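Descriptive analysis of the structure
Residues per chain are reported as follows:
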Amino acid sequence: MRKSAIAALIVTTIAFSQGIPLLSEICVTPTTGEFIEIHNPTSSSIALDDIYLCDLYGTAATLPSFYPQITAGPVTNTSADFLVRFPAGSSLPAGGVITIAMKGSDFQSTYGAAPDYELLNSGVGTQMVTPPNGYINPTAGLTNGDEVVVLFYWNRLTDLVYDLDYALWGDDPTRVVDKTGISIDGPDGDTIPSTYLAETPAASQNAISTGGHSSGQSFQRVDFTEGTESQSGGNGLTGHDETSENMSTTWLIAPPTPGVTYTSIPRTTWAGIKSLW
């Protein structure tokens with residue numbers, strides 16, 4: 001008999017008593033300027049020890065290379081992709097913002113400051129961790145036209161991982177996250193698979209944009225309430241269906257503002273705005 005995701009979710013949510021971080025900005029071009037930004041919209045610090053970041057889309061049919069596979073065994077290393085975890089002891093302060101560059105030295109050259117974290121070890125920014133079953137491909141980067149970024153939680157004790165936030169762009173319906181129908185047996189101490197709840201069908205998922213953004217721009221979150229996202233019946237850590245967010249409304253395209261959440265204020269007038277730089 002398969003276990004329901006709901007029972008495991010209740011236990012995990014109780015254990016995770018802190019707030020939920022959100023993706024706040026993603027830059028995909030130029031290659032030297034690629035980064036992901038994460039914001040803590042809450043009034044309490046968030047521990048990042050059990051929080052993971054990846055750019056792996058997939059379905060039940062492609063599970064070996066899809067991020068839920070991490071609980072049961074190695075995720076197939078796919079060219080230019082990554083599945084990483086924050087270093088032990090990392091945290092995101094209340095109201096704080098952090099940047100994760102693909103290559104820290106490139107980020108520094110592009111934006112004039114070091115990122116908080118980096119994937120490719122250039123010595124600029126703290127190195128993200130390659131977890132057991134995860135990986136950083138040597139050519140890791142963000143695809144310009146059709147791609148996903150997923151922020152998720154896993155305490156390494158459960159069969160299932162729990163989504164924190166999800167961003168999607170492009171018009172390829174095969175490059176989305178859909179865990180519907182996946183049953184997996186991980187490290188929870190028994191041999192009974194746990195099953196993910198049904199997610200928003202690929203054709204109904206609402207992307208930030210039907211394509212990439214131009215050089216000198218980035219995707220930026222403007223709604224930290226996540227719009228009309230379903231708040232129950234999903235695979236998110238608090239029961240949200242992260243695949244249901246109306247991203248074309250809750251995100252926009254604007255000049256990049258790494259280290260600062262979107263304010264509509266031109267970059268040249270950032271003085272005095274809170275930044276981790």
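This text gives an overview of the structure that appears in the document. (Residues numbered from 1 in each chain as written. Predicted model: local features only at pLDDT ≥ 70, side-chain atom pairs only at ≥ 80, totals over all residues. Heavy atoms only, no water.)

**Quick look at the packing of aromatic side chains**
- Taken as a whole and judged by the stated rule, the model has nine aromatic pairs.
- Relative to Phe 107, the ring of Phe 35 lies with its centre 5.6 Å away and its plane at 90°, an arrangement referred to as edge-to-face. Here the residue Phe 35 occupies a position in strand β3 (residues 35-39), and Phe 107 occupies one in helix α2 (residues 104-111), the gap between them amounting to 72 residues. As far as the burial class goes, Phe 35 and Phe 107 line up, both buried.
- Arranged with centres 6.2 Å apart and planes meeting at 50°, the rings of Tyr 52 and Trp 154 form a pair that is tilted. Of the two residues, Tyr 52 sits in strand β5 (residues 51-54) while Trp 154 sits in the loop between β12 (147-153) and β13 (162-169), which places them 102 residues apart along the sequence. Like Trp 154, Tyr 52 is buried.
- Chaining the aromatic ring pairs together yields one cluster made of Tyr 52, Phe 66, Tyr 67, Phe 152 and Trp 154. (Phe/Tyr/Trp six-rings, centres within 6.5 Å; stacked < 30°, edge-to-face > 60°. Helix = DSSP H or I, 4+ residues; strand = E, 2+ residues; numbered from the N terminus. Buried < 20%, exposed > 50% of the residue type's maximum accessible area, 1.4 Å probe, protein only.)

**As for the pairing of strand β9 (residues 117-120)**
- In this structure, strand β8 (residues 97-103) lies alongside β9, joined through three bridges in parallel fashion. Across the sheet, Ile 100 pairs through a bridge with Tyr 117, a residue of β9.
- Each parallel crossover has a hand, and for β8 linked through α2 to β9 it is right-handed.
- Here β9 pairs with strand β10 (residues 126-127) via two bridges, running parallel. Paired with Glu 118 across the two strands is Gln 127, which belongs to β10. (Pairing = 2+ DSSP bridges. Right-handed = clockwise from strand over helix to strand, strands pointing away.)

**Quick word on the sheet that holds β8**
- Spatially, seven strands are ordered β10-β9-β8-β3-β2-β16-β17 in an open sheet, and the strand pairing comes out mixed. Across the chains shown, the open sheet's two edge strands, defined by having one partner strand only, are β10 and β17 (251-254).
- Examined bridge by bridge, strand β2 (residues 22-27) and β3 share five bridges and lie antiparallel to one another. Looking across to β3, one finds that Cys 27 is bridged to Phe 35.
- Against the sheet, α2 touches β2, β3, β8 and β9, its axis set at about 115° to β8. (Contact = heavy atoms within 4.5 Å. Axes fitted to C-alpha atoms, helices over the stretch in contact; angles between N-to-C directions.)

**A closer look at the pairing of β8**
- For β8, the tally of buried residues reaches six of seven residues, placing the bulk of the element in the interior.
- The pairing of β3 with β8 spans five bridges and is antiparallel. The partner of Ile 36 across the bridge, within β8, is Ile 100.

**A look at α2**
- Listed in full, the buried residues belonging to α2 are Gly 104, Phe 107 and Tyr 111. One side of α2 holds all its buried residues, which, seen down the axis, span an arc of 55°.
- At its buried positions, α2 is contacted by β2, β3, β8 and β9.
- Phi for Gly 112, located one or two positions after α2, is positive at around 80°. (Arc of directions from axis to C-beta.)

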